[in-house]
Amino acid sequence: MGFRKTMSSVTIQQKGITEIAADAIVNAANSALWAGGGVCGAIFSKAGMEELTAACNAIGHCDEGSAVITPGFGCPCKYIIHAVGPQYIDGKHGEADALYGAYKSSLELCRKNDIHSVVFPLISAGIFGYPLRDAWTQAKLFRRLAVTTFASGIRLSQKTQSR
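Nothing here was measured: the structure is a model prediction, and the numbers come from that model.

**Quick word on the confidence of the model for the protein chain**
Phase 1: Per-residue confidence for the protein chain gives a mean pLDDT of 86; residues scoring 70 or more make up 82%.
Phase 2: Taken together, the stretch residues 1-7 has pLDDT below 50 and engages in 26 contacts with residues farther than four places along the chain or on a different chain.

The following block contains the structure:
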């Protein structure tokens, strides 16, 4: 059950995540899957607070370094992938591995759900306190690895800033 070594394109855009047309957007989620601020709050607002909260409550929990999927509801995408990155402590408590896991789990959900375009935020770089430079480095490493190893015709878009 591996990925083919092909990729149609990678585009880096700096705009609001709910404004980008794609099959799926990735929410920088918390493990309880509750509505939050920043990227998470923008996604819940656009999708419809009541519907997305109900879908997330039905799932209940997502471990750090993992991801789950819900319908897109009022967002211009079919799916929302909720990826739980790590809360940054000092970089010596497995944060990089957990962050990689959140990105990888998201991409695996794309493959399982026939998603061909996906928009990623800079996971864990907001309230979870991951230093921007380090979070960006991890995202670029994952993007490079996804292009060469994991992608199966999935177009990745890295959202670099919440608006």
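**Considering the packing of aromatic side chains**
Phase 1: For the structure shown, the criterion picks out five aromatic pairs.
Phase 2: Seen in terms of ring centroids, Y103 and F120 are 5.5 Å apart; in terms of plane orientation they differ by 45 degrees. Their pairing is tilted. In this pair, Y103 sits in helix 3 (residues 95-112) while F120 sits in strand 5 (residues 117-120), placing the two residues 17 residues apart along the sequence. We note that Y103, like F120, is buried.
Phase 3: Ring pairing ties together the aromatic residues Y100, Y103, F120 and F142, which thus form one cluster.

**A closer look at helix 3**
Phase 1: Under the 1.5 Å per step criterion, the end-to-end length of helix 3 is 26 Å for 18 residues, consistent within 8% with the ideal 26 Å.
Phase 2: Those residues of helix 3 that sit buried are E95, A98, L99, G101, A102, Y103, S105, S106, L107, L109 and C110.
Phase 3: A positive backbone phi angle near 55 degrees is found at D114, which sits one or two residues after helix 3.

**With respect to the side chain of S106**
Phase 1: Mapped onto the secondary structure, S106 falls in helix 3.
Phase 2: S106 sits in the buried class, given a relative accessible area of 0%.
Phase 3: Setting aside residues no more than four positions away along its own chain, S106 makes contact with V26, A67, I81, A83 and F120.

**Side note on the side chain of S124**
Phase 1: Locating S124 in the fold gives a position in the loop between strand 5 and helix 4 (132-150).
Phase 2: Within the structure, S124 has its side chain in polar contact with the backbone oxygen of P86 (distance 2.9 Å).
Phase 3: With near-sequence residues (within four places) excluded, S124 lies in contact with G85, P86, L99, G129 and Y130.

**A short note on the pattern of salt bridges**
Phase 1: Under the criterion given, the structure shown has one salt bridge.
Phase 2: The salt bridge involving E108 is made with K104; its shortest N-O contact spans 4.0 Å. Placement of the pair is E108 and K104 together in helix 3, with a separation of four residues, close to one helical turn.
Phase 3: Since its relative accessible area comes to 25%, E108 is described here as partly exposed.

Rules of the game
- Residues numbered from 1 in each chain as written.
- Predicted model: local features only at pLDDT ≥ 70, side-chain atom pairs only at ≥ 80, totals over all residues.
- Heavy atoms only, no water.
- pLDDT = per-residue confidence, 0-100.
- Contact = heavy atoms within 4.5 Å.
- Phe/Tyr/Trp six-rings, centres within 6.5 Å; stacked < 30°, edge-to-face > 60°.
- Helix = DSSP H or I, 4+ residues; strand = E, 2+ residues; numbered from the N terminus.
- Buried < 20%, exposed > 50% of the residue type's maximum accessible area, 1.4 Å probe, protein only.
- Expected span 1.5 Å × (residues − 1).
- Polar contact = N/O pair within 3.5 Å; in protein donor to acceptor, adjacent residues only side chain to side chain.
- Salt bridge = Lys/Arg side-chain N within 4 Å of Asp/Glu carboxyl O.

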